[in-house]
Amino acid sequence: MPPIVKVENLQKTYDGGFEALKGVSLEIEEGEIIALLGPNGAGKTTLISALCGITGPTGGRAEVGGHDIITSYRKAREMIGLVPQEVALEPFEKVINTVKFSRGLFGKQRDDALIERVLRQLSLWDKRNSRIRELSGGMKRRVLIAKALCHEPRVLFLDEPTAGVDVELRRDMWQIVDGLRREGVTIILTTHYIEEAEAIADRIAVINKGEILLVEDKAALMTRMGRKTLRIDLRDPVDKVPDALAEYDLDLSDDGHSLSYHYDTRGEGTGITRLLQALSAEGLSLRDIQTTQSSLEEIFVSMIQESAA
Amino acid sequence: MNFPAIRAIYKYEMARFFRTLMESLLSPVISTSLYFVVFGAAIGSRISEVEGVAYGAFIVPGLIMLSVMTQAISNASFGIYFPKFIDTIFEILSAPINFFEIVIGYVGAAATKALLIGLVILATAHFFVDIEIQHPVAMLTFLVLTCLSFSLFGFIIGIWAENFQQLQLIPLLVITPLVFLGGSFYSISMLPPVWQTISLFNPIVYLMSGFRWSFFGQADVSVGLSLLAIALFTAICLGVIWWIFKTGYRIKS
């Protein structure tokens with residue numbers, strides 16, 4: 001099946017010469033949830049804005065559902081729903097009217113039943129006749145999502161959907177995303193919360209300074225993340241790892257004072273007990289032990305640092 | 001054509017108008033009545049007739065034009081400026097619509113509002129003076145064309161403006177003087193010859209002249225020239241808007 005979103009060498013250079021996107025390429029499969037992870041100013045929002053038609057790319061091309069975003073922008077945009085990062089809503093308008101407006105704007109015929117379903121799903125039905133300025137910040141975000149969903153998009157862009165929202169709304173948001181996934185909607189979300197990417201994404205793309213550093217299955221990343229290291233400091237240095245401990249694949253530090261053991265916390269057994277018994281059987285005396293975990297955050301930070309170097 | 005989108009924008013804009021219906025209609029009606037009291041009754045009683053028409057009636061087309069032009073500009077400029085100001089423009093830009101459909105929606109609504117206000121003023125004028133419209137079809141044509149072309153112009157101002165002050169600037173600095181100097185309240189033929197020539201560079205003279213002709217059958221310039229002027233103005237505005245959407249001027253980063 002061809003990818004539903006295909007980005008080829010997409011570039012955006014602003015008039016001032018700032019390169020917000022330096023040739024981004026990305027393919028997104030239908031029905032998957034991909035998280036664009038990156039620090040502020042990485043180019044996440046620019047990428048989304050370029051795909052949605054809010055900002056014009058200066059190079060490269062992109063397709064949504066096989067439709068070029070420039071030459072057949074109508075067909076491409078009909079498939080897209082966008083929930084922006086900033087709450088941008090007309091304060092004096094009623095919730096239901098602004099949602100109906102969005103549906104019309106995307107060329108869809110009036111469908112009251114669908115609007116009711118979307119509003120109910122987002123717990124907005126009781127507020128449908130409220131003016132937007134009367135709503136809380138969380139409710140306004142729900143209205144933005146309702147506006148994006150009411151024209152039945154096949155591809156939904158969520159730009160920092162949970163930045164600055166309370167725990168309850170964040171949980172609701174994840175549930176909504178899960179519901180949409182079951183309906184087969186492809187979701188591209190940007191976030192700088194690693195837990196969020198972990199919680200809902202199938203794949204994670206790390207973006208920094210206008211470049212995609214990595215696109216990987218979340219599961220593969222989690223495997224890298226699930227690895228832990230046990231460092232054992234020895235009272236007396238050794239020249240080499242004793243032969244009896246060969247099966248543990250230990251790393252010896254240069255000064256011979258510490259051994260490192262790598263293990264997987266999600267495995268059947270970690271092997272730590274046996275290792276410690278083997279160490280004492282060898283007559284090695286321990287001064288200290290500590291464990292470290294390479295989190296997604298660490299992978300992420302080291303990748304960002306590498307790209308900065 | 002994305003008709004649902006045009007309808008959505010038009011309805012949305014008209015809803016704003018009806019939400020503030022009293023304010024929208026009351027102020028033009030009151031200001032028109034004041035003009036009648038001052039120009040028609042107080043000053044007009046000392047001016048017997050202009051070109052065979054009672055002065056009170058003579059100023060009716062001018063008053064309608066003044067309100068219609070300012071209303072068309074302010075409605076259309078606000079209609080597109082406001083989404084820019086509160087950032088909701090992103091939705092318009094990301095929708096499957098082209099510039100022409102956006103313009104039909106916004107400008108159509110602004111022109112409709114201006115037309116309604118123009119007709120209300122005409123009705124108000126009936127309370128003060130006797131007027132007979134000699135060419136009603138031509139009158140409506142001129143009125144509709146003025147509403148449309150000045151709404152287009154207002155749309156451009158709304159895109160160009162970067163703050164609320166700029167939004168007011170063009171109507172105040174350009175339109176009001178041009179309308180006052182455009183023969184709204186007098187005939188160009190009453191001016192000294194030099195000023196008559198200068199007036200011919202004022203586009204509003206052509207609109208005023210054609211519009212007044214539709215009421216009283218008299219014109220400062222030929223009716224054909226009036227229509228040509230308004231067509232030219234509309235074409236220029238459309239051209240500028242086309243360029244705006246092509247380049248993304250002040251709407252796309």
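Sequence order as written defines residue numbering, which begins from 1 separately in each chain. Written order determines the labels here, with chains lettered from A and ligands numbered from 1. Thresholds applied to this predicted model are a pLDDT of at least 70 for local features of residues and 80 or more for the giving and counting of side-chain atom pairs; totals over whole chains, interfaces and linings are not thresholded and use all residues. The side-chain quantities take in all heavy atoms of the structure and omit both hydrogens and water.

A word on the overall build of chain A. Of the regular secondary structure elements, chain A holds 10 helices and 14 strands. Using C-alpha atoms as the atom set, the radius of gyration is obtained and then compared with a globule rule of 2.2 Å times the number of residues to the power 0.38. In terms of overall size, chain A is more extended than a compact globule, its C-alpha atoms giving a radius of gyration of 25 Å where 309 residues would be expected to give roughly 19 Å. With respect to the three principal axes, the spread of C-alpha positions in chain A is 80 × 45 × 35 Å. To sort residues, take the accessible area from a 1.4 Å probe on protein chains only and compare it with the maximum for the residue type: under 20% means buried, over 50% means exposed, and anything in between is partly exposed. With 309 residues in all, chain A has 49% of them scored as buried. Across chain A, every contact between residues at least 6 apart in sequence was considered, and the portion connecting residues at least 24 apart equals 70%. Working definition of accessibility: Shrake-Rupley area with a 1.4 Å probe, residue cover restricted to the visible protein chains. Per element, the accessible surface of chain A, about 14600 Å² overall, is 46% carbon and sulfur. Put simply, DSSP marks the helices as runs of H or I at least four residues long and the strands as runs of E at least two long, and each gets a number from the N terminus on. We call two residues in contact whenever any of their non-hydrogen atoms come within 4.5 Å of each other.

Attention shifts here to the sheet that holds strand β7 (residues 155-159) of chain A. Residue and element names in this part refer to chain A. The strand order across the open sheet formed by six strands is β6-β7-β8-β3-β9-β10, and the pairing between neighbours is mixed. A strand with exactly one partner marks an edge of an open sheet, and here the two such strands are β6 (80-83) and β10 (211-217). Within this sheet the neighbouring strands show an average axis-to-axis angle of 15°, counted without direction. Bridge count between strand β9 (residues 203-208) and β10: six bridges; the pairing is antiparallel. Paired strands, as defined in this entry, are two strands with at least two bridges between them according to DSSP. All axes here are fitted lines through C-alpha atoms, helices being fitted over the stretch that makes contact, and every angle between N-to-C directions spans 0 to 180 degrees.

Here we take up the environment of glutamate 78 of chain A. Turning to its location among the elements, glutamate 78 of chain A is positioned in helix α2 (residues 73-78). Sequence separation between glutamate 78 of chain A and phenylalanine 157 of chain A is 79 residues, and the spatial gap between their C-alpha atoms is 13 Å. Contacts of glutamate 78 of chain A, omitting those with residues within four sequence positions, involve Phe106, Lys108 and His151 of chain A together with Pro96 of chain B.

Moving on to the packing of helix α4 (residues 60-85) of chain B against helix α6 (residues 99-128) of chain B. All names here are of chain B. Between α4 and α6, the least distance of the axes is 8 Å, while the angle of their chain directions is 150°. It follows from the interaxial angle that α4 and α6 lie roughly antiparallel. By crossing handedness, the relation of α4 to α6 is classed as right-handed. Where α4 approaches α6, its residues Val60, Ile64, Ser67, Val68, Gln71, Ala72, Asn75, Ala76, Gly79, Ile80 and Pro83 are matched on the opposing element by Tyr106, Ala110, Lys113, Ala114, Ile117, Gly118, Ile121, Leu122 and Ala125. Under this grouping Gly is polar, as are all residues other than the nonpolar Ala, Val, Leu, Ile, Met, Phe, Trp, Tyr, Cys and Pro and the charged Asp, Glu, Lys and Arg. Split by residue class, the contact of α4 with α6 holds 14 nonpolar, five polar and one charged. Roughly parallel means an angle under 35 degrees; roughly antiparallel, over 145; roughly perpendicular, 65 to 115; everything else is oblique. The crossing is said to be left-handed when, going from far helix to near helix, the turn is anticlockwise and less than a right angle, and right-handed when the turn is clockwise.

So, on to the interface of chain A and chain B. Each partner contributes to the interface: chain A provides 31 residues, whereas chain B provides 25 residues. Carbon and sulfur atoms supply 57% of the area buried between chain A and chain B, which totals about 2600 Å² over both sides. The term salt bridge refers to a side-chain nitrogen of Lys or Arg lying within 4 Å of a carboxyl oxygen of Asp or Glu. Linking chain A to chain B there are five salt bridges. Linking arginine 19 of chain B and glutamate 90 of chain A is a salt bridge whose minimum nitrogen-to-oxygen distance equals 3.5 Å. Note: buried area is the sum, over both parts, of the accessible area (probe 1.4 Å) each one loses when the two are combined.

Most of helix α3 (residues 95-105) of chain A is tucked away, with nine of its 11 residues classed as buried. Looking at α3 of chain A, one finds that the buried residues are Val95, Ile96, Thr98, Val99, Phe101, Ser102, Arg103, Gly104 and Leu105 of chain A. Structurally, α3 of chain A contributes buried residues whose contacts are with α4 (112-121) and α5 (137-149) of chain A together with α1 (3-19) and α5 (89-94) of chain B. Positive phi appears at glycine 107 of chain A, one or two residues downstream of α3 of chain A, with a value of about 80°.

For Phe, Tyr and Trp, rings pair up if their centres lie within 6.5 Å, where Trp contributes its six-membered ring, and each pair is then called stacked (planes under 30 degrees apart), edge-to-face (over 60) or tilted (otherwise). Inspection of every chain in the model, using the stated rule, returns 23 aromatic pairs over all chains. Ring centres of phenylalanine 99 of chain B and phenylalanine 245 of chain B lie 5.7 Å apart, and the angle between their planes is 35°; on these two criteria the pair is classed as tilted. Pair noted here: phenylalanine 99 of chain B is in helix α6 and phenylalanine 245 of chain B is in helix α11 (residues 223-247), with a separation of 146 residues, a long-range link. Residue classification places phenylalanine 245 of chain B among the buried positions, given a relative accessible area of 18%. Either the NZ atom of lysine or the CZ atom of arginine qualifies as a charge over a ring when it sits within 6 Å of the ring centre and within 35 degrees of the ring normal. Between the NZ or CZ atom of lysine 12 of chain A and the centre of the ring of tyrosine 14 of chain A, over which it lies, the distance is 4.9 Å. Above the plane of the ring of tryptophan 125 of chain A lies arginine 128 of chain A, whose end atom (NZ or CZ) is 4.0 Å from the centre.

This paragraph deals with the domain arrangement of chain A. Each domain's limits were defined by an automated method or a database of domain assignments. Taken as a whole, chain A is organised into domain 1 (5-223) and domain 2 (226-296). Placing the centre of domain 1 of chain A and that of domain 2 of chain A at their C-alpha centroids yields a distance of 46 Å.

Relative to the elements of secondary structure, threonine 146 of chain B occurs in helix α7 (residues 136-160). Classification of threonine 146 of chain B by relative accessible area gives buried; the value is 0%.

What follows deals with unusual backbone geometry. A positive phi angle, near 55°, is found at serine 123 of chain A, a position not held by glycine. Note on serine 123 of chain A: relative accessible area 43%, which makes it partly exposed.

All names here are of chain A. The tally for this structure, following the rule as stated, stands at 23 salt bridges over all chains. Between arginine 120 and glutamate 116 there is a salt bridge, with the nearest N and O atoms lying 2.9 Å from each other. Of this pair, arginine 120 and glutamate 116 both sit in helix α4, separated by four residues, roughly a single helical turn. Judged by relative accessible area, which is 47%, arginine 120 ranks as partly exposed. A salt bridge links lysine 240 to aspartate 243; the nearest nitrogen and oxygen atoms lie 3.0 Å apart. According to the relative accessible area criterion, aspartate 243 is exposed, its value standing at 62%.

On to the sheet that holds strand β11 (residues 227-234) of chain A. Residue and element names in this part refer to chain A. Read from one edge to the other, the open sheet built from four strands follows the order β12-β13-β11-β14, with strand pairing classed as antiparallel. Two strands bound the open sheet, and with one partner strand each, they are β12 (251-252) and β14 (286-293). Taken together, the seven bridges between β11 and β14 define a ladder with antiparallel strand orientation. Of the residues in β14, the one forming a bridge with threonine 229 is threonine 292.

All names here are of chain B. The interhelical angle for the contact between helix α10 (residues 203-216) and α11, taken along N-to-C directions, is 130°, at an axis separation of 8 Å. Here α10 lies oblique to α11, going by the angle between them. Crossing hand, α10 versus α11: left-handed. Counting all contacts with α10, which are made through Tyr206, Leu207, Ser209, Gly210 and Trp213, the residues of α11 involved are Val223, Leu225, Ser226, Ala229 and Ile230. Looking at the contact of α10 with α11, its residues break down into seven nonpolar, three polar and no charged.

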